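Read off the chains here:
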Amino acid sequence: MTIAAVVNRLADPNPSPLLKQSPTTVLFGVAIVMVAFNPVSVTSLGAVVAGTIAAILATVLAGVLTAIPTVAKFVLLVPAIDLIAIGFLRYGTGESLSIFSSLVILPIIWFAAEEGREHIWFAFIGTAIVLIIPAVAGQSDSSALSLMLRAAFAAVVFTIAAAVINELSRQARLRLSSVRRLAEERQRALESNEARTNQLAASEASLRQAQRMFRGVWGAVTQQAVIGTDLTGLIDAWNPGAALMLRIDAAEVEDKRHVDEFHLADELEDRARELRYPAGATVLNPGFSALVEEARLGSAEVREWTYRRADGTELPVELSVTPRLDDADETVGYLFVAHDRTKAHEVAKLKDDFVGLISHELRTPLSSILGYLELMRDDDDEQLTETQLQYLGVAERNAHRLLTLVGDLLFTAQVESGKFNLETHVQSMSPIVSAAVDSARPAAVRAGVNLIDEIVDGGMVRGDSVRLGQACDNLISNAIKFTPAGGTVTVTLGGEATHVVVSVSDTGMGIAESELDQLFSRFFRASTATRNAVPGVGLGLTITKAIVTAHGGEMSVASEEGAGTNFSMKLPIEQPVWV
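These numbers were taken from a predicted model, which means no experiment stands behind them.

The strand order β2-β1-β5-β4-β3 describes an open sheet built from 5 strands, whose pairing is antiparallel. For this open sheet the edge positions go to β2 (235-238) and β3 (301-308), each flanked by a neighbour on one side alone. Recorded for the sheet is a direction-independent mean angle of 30° between the axes of neighbouring strands. Inspection of the sheet shows strand β1 (residues 224-229) paired to β2 by 3 bridges, in the antiparallel sense. Bridge pairing links Ile227 to Trp238 in β2.

As structure tokens, this is what we get:
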């Protein structure tokens, strides 16, 4: 082993007992060699032999303690034995005049370097014993008192040295502990920084990938216009779809124009009037506030608007408005996604024109058929047989049913075309609802359905009694059709602070939750109706909602499949003016 290796081993904060013992063993061996070459210095051969044996014993014990760490608690026996060995060597080589007296410093350093103040006293006791051995043995070359004084003084000096070494060792241990702690903290910090670096690298890679994907998607979306704004409506995002739809490039609008500039002013004014002119995000731009009011309150709004392109042409769109949120979930702007409804409007117009045309073409021959059927029934010259009258009744019922269907189609076409006229006057809903219940009772009896009415005068409304009666008839007849025998249909009329409420509840087959938003579409029929072969064409609810909406009211539905359905009509109360 090289000297550098030995020094490094000695610098270890926790050297092995054998390593600690090695300087004493080596120097004790040197002392024995010197004694062998200078036997004149020996005053007691037995003491030298005893010291040698003790030194060998201490070295062997150090080796055992090194090999078996579990018995390391006995490690201080090694320097204690060293003190005894050095004491014998000193006694056998001239007592106080021995040149080997300085060896005592090695076990003293061992004691002093141990953790704990009590080891200073161990060093003092060991030193005192070693130095007093000659006096105790009575072999002193001077008076016992003088030897005792010298021994005591030397013991005090060595004890002070031990105290200094102990304190220096304590300070070194503290510094070493601090350095170790700092090193561990530094290592943990390095590992944490490395982990953070790796995480940031992964996040950066994911972010770059997401950005590339976003740019790809943003550039690929050309069928929908996507527009982003701040809280005041100033446009800060404009996708290629918006550029194509509104015929103006992003460079001309981003951070330069407001989104409401592409809307019709009268539509924004009408919407603001409906919402009672909300302040919204900015009082200075009430049109934009009306545009985003629902989104500002936390819910996405989808409705039809008309865009005005850069060239002045107009475009019907279905517009979805949602809030844009930051990391703290605070609204920082709005997002507008628009779908072109031009083709849908064209298809709807063609459909309405077709329905209107077919309805008109069917109505005339149906009226003629019904007229001739009535003439045949009322012909006094030729009496019809019972069988012929039965056949004639079937033809009349089906002709009337077909005429009713044609009327519904015409009415629906009028609603879609905006030609829906009402003859309104202020009236109570009580007689209208009562008449609808009375008309439906025979059908309820035939179906075995219990029809209950709970009618309370809820207030006056301004409306068309015929159309309101038609709406009530539709709801009640639907409820009876969808309720099996033994079930119950309940019709209630009551009032709220600002509305009259007509509610029709049944205990029938109900409607799937996924189909509720389609109930008021033309020709839509619920899956429960088709499975149970309930007759109908899917126009009744469409007509009912159109009537209620035309009266400024609202329709709502709640249903659970297999448990029943509840339809409600809310009509605004109209206070009569007394003259």
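So, on to the environment of Asp230. Mapped onto the elements of the fold, Asp230 is located in the loop between β1 and β2. Given the relative accessible area of 24%, Asp230 is considered partly exposed. With 105 residues separating them in the primary sequence, Asp230 and Leu335 have C-alpha atoms 9.0 Å apart. Beyond its immediate sequence surroundings of up to four residues, Asp230 is in contact with Asp236, Phe288, Val332, Gly333 and Tyr334. Of note is the side chain of Asp230, whose polar atom sits 3.0 Å from the backbone nitrogen of Gly233.

This part covers the packing of helix α13 (residues 430-447) against helix α14 (residues 465-481). At a minimum axis separation of 9 Å, α13 and α14 run at an interaxial angle of 25°. Between α13 and α14, the crossing angle belongs to the class labelled roughly parallel. Between α13 and α14 lies a crossing whose hand is right-handed. Contacts from Ile432, Val433, Ala436, Val437, Ala440, Ala443, Ala444 and Ala447 in α13 reach Ser465, Leu468, Gly469, Cys472, Asp473, Ile476 and Ile480 in α14. Here the residues of the contact of α13 with α14 sort into 12 nonpolar, 2 polar and 1 charged.

The next thing to look at is the packing of aromatic side chains. For any pair of aromatic rings, geometry is given as the distance between the ring centres together with the angle between the planes. In total, this model carries 3 aromatic pairs according to the counting rule given. Arranged with centres 5.4 Å apart and planes meeting at 45°, the rings of Trp238 and Phe262 form a pair that is tilted. Here the residue Trp238 occupies a position in strand β2, and Phe262 occupies one in the loop between α8 (240-246) and α9 (265-274), the gap between them amounting to 24 residues. Aromatic side chains Phe288 and Phe336 sit 6.5 Å apart centroid to centroid with 50° between the ring planes, which places their arrangement in the tilted category. One end of the pair, Phe288, is in helix α10 (residues 286-296); the other, Phe336, is in strand β5 (residues 331-340), and 48 residues separate them in sequence. Each member of the pair, Phe288 together with Phe336, is buried. Above the ring of Trp305, the side-chain terminus of Arg303 is found at 5.3 Å from the ring centroid.

To continue, consider a nonpolar patch on the surface. A surface patch of nonpolar side chains, about 330 Å² in accessible area, is lined by Ile56, Val60, Val64 and Ile68. Tracing the chain through its elements places Ile56 in helix α3 (residues 45-67). According to the relative accessible area criterion, Ile56 is exposed, its value standing at 51%.

With that settled, the discussion passes to the pattern of salt bridges. Any two side chains of opposite charge can pair, given that their charged atoms come close. Under the criterion given, the structure shown has 11 salt bridges. The shortest N-O distance in the salt bridge between Arg324 and Asp236 comes to 2.9 Å. With Arg324 in strand β4 (residues 314-325) and Asp236 in strand β2, this residue pair connects regions lying 88 residues apart in the sequence. Residues joined by salt bridges that share partners form a network here, namely Glu269, Asp270 and Arg273.

Given a rise of 1.5 Å per residue, 21 residues ought to cover 30 Å, and the 30 Å separating the end C-alpha atoms of helix α2 (residues 17-37) matches this to within 8%. Where α2 bends most, at Pro23, the angle is about 30°. Turning to α2, its buried residues are Pro17, Leu19, Gln21, Thr24, Phe28, Ala31 and Val35.

Right, let's talk about unusual backbone geometry for a bit. Positioned with a positive phi, Asp255 is a non-glycine residue whose angle comes to about 65°. For Asp255, a relative accessible area of 57% corresponds to the exposed category. One non-glycine residue with positive phi stands out, namely Asp329, at about 60°. Tracing the chain through its elements places Asp329 in the loop between β4 and β5. On the accessibility criterion, Asp329 (58% relative accessible area) is exposed.

Most of strand β10 (residues 499-506) sits inside the fold, with 7 of its 8 residues counted as buried. Where strand β9 (residues 488-495) meets β10, 7 bridges bridge the pair, whose relative direction is antiparallel. By the bridge assignment for β10, Leu493 is matched with Val502. Once β9 ends, the chain turns through 3 residues before running back antiparallel as β10. Bridge count for β10 against strand β12 (residues 564-572) is 8 bridges, and the pairing is antiparallel. When the sheet's bridge partners are listed, Ser503 is paired in β12 with Ser568.

This part covers the nonpolar core. Membership of the largest hydrophobic core comes to 34 residues, with the highest contact counts inside it found for Met429 and Ile476. Contributing elements (two or more residues each) for this core: α13, α14, β9, β10, α16 (540-550) and β12. Ranked by the residues each element gives to this core, the list is headed by α14, at 7 residues. Not counting the four nearest positions on each side in its chain, Met429 is found in contact with Gly459, Val461, Leu468, Cys472, Leu493, Val500, Val502 and Leu571. One finds Ala243, Tyr307, Leu315 and Phe336 within the second-largest nonpolar core, a separate group that totals 26 residues.

Let us look at the pairing of β9. Relative to β9, strand β7 (residues 450-455) is paired through 6 bridges, and the arrangement is parallel. From the neighbouring strand, Asn450 faces β9, where its bridge partner is Thr488.

Looking now at the sheet that holds β10. Read from one edge of the open sheet, 5 strands run β7-β9-β10-β12-β11, paired in mixed fashion. Each edge of the sheet is formed by a strand with only one pairing partner; in this case those strands are β7 and β11 (554-560). Between one strand axis and the next, the sheet turns by 10° as a mean value, whatever way the strands run. Pairing of β11 with β12 involves 7 bridges; the strand directions are antiparallel. Bridge pairing links Glu560 to Gly564 in β12. Seen against the sheet, α13 touches β7, β9 and β10 and runs at an angle of roughly 170° to β7.

Each value, and the rule that gives it
Every residue gets a number counted from 1 within its own chain, in the order that chain's sequence is written. Since the coordinates come from a predicted model, pLDDT governs what is reported: local features require at least 70, and pairs of side-chain atoms require 80 or more to be given and counted, while whole-chain, interface and lining totals use all residues. As a rule here, side-chain values cover all heavy atoms of the structure and leave hydrogens and water aside. Note on pairing: DSSP must find at least two bridges between two strands before they are called paired. Numbered from the N terminus, helices here are DSSP runs of H or I no shorter than four residues, and strands are runs of E no shorter than two. Lines fitted to C-alpha atoms define the axes here, with helix axes fitted over just the stretch in contact, and angles between the N-to-C directions of these axes take values from 0 to 180 degrees. Only protein chains enter the accessibility calculation, which uses a 1.4 Å probe. A residue is then buried if its area is under 20% of the maximum for its type, exposed if over 50%, and partly exposed in between. Here a residue-residue contact requires only that any non-hydrogen atoms of the pair lie within 4.5 Å. Polar contact criterion, stated in full: a pair of N or O atoms within 3.5 Å, where within protein one must be able to donate a hydrogen and the other to accept it, and residues adjacent in sequence count only if both atoms are side-chain atoms. For classification purposes, an angle smaller than 35 degrees is called roughly parallel, one larger than 145 roughly antiparallel, one from 65 to 115 roughly perpendicular, and anything else oblique. Crossing handedness follows the turn of the near helix against the far one: under a right angle anticlockwise gives a left-handed crossing, and clockwise gives a right-handed one. When residues are grouped by polarity, Ala, Val, Leu, Ile, Met, Phe, Trp, Tyr, Cys and Pro land in nonpolar, Asp, Glu, Lys and Arg in charged, and all others, Gly among them, in polar. When the centres of two rings from Phe, Tyr and Trp lie within 6.5 Å, Trp using its six-membered ring, the rings pair. Their planes under 30 degrees apart give stacked, over 60 give edge-to-face, and anything left gives tilted. Counting as a charge over the ring demands two things of the Lys NZ or Arg CZ atom: a distance within 6 Å of the ring centre and an angle within 35 degrees of the ring normal. To count toward a patch, a residue needs a relative accessible area over 30% and no salt bridge; like charges are then connected within 9 Å, while nonpolar side chains (Val, Leu, Ile, Met, Phe, Trp, Tyr) are connected within 5 Å. Only the protein chains shown count as cover for residues, and all accessible areas are computed by the Shrake-Rupley method using a 1.4 Å probe. We define a salt bridge as a contact between a side-chain nitrogen of Lys or Arg and a carboxyl oxygen of Asp or Glu at a distance within 4 Å. A helix is expected to span 1.5 Å for every residue after the first. Consider a residue and the seven residues that end there alongside the seven that start there; fitting an axis to each set, the bend is the angle between those axes. In this description, a nonpolar core means a group of buried Ala, Val, Leu, Ile, Met, Phe, Trp, Tyr and Cys residues linked to one another through side-chain atoms lying within 4.5 Å.

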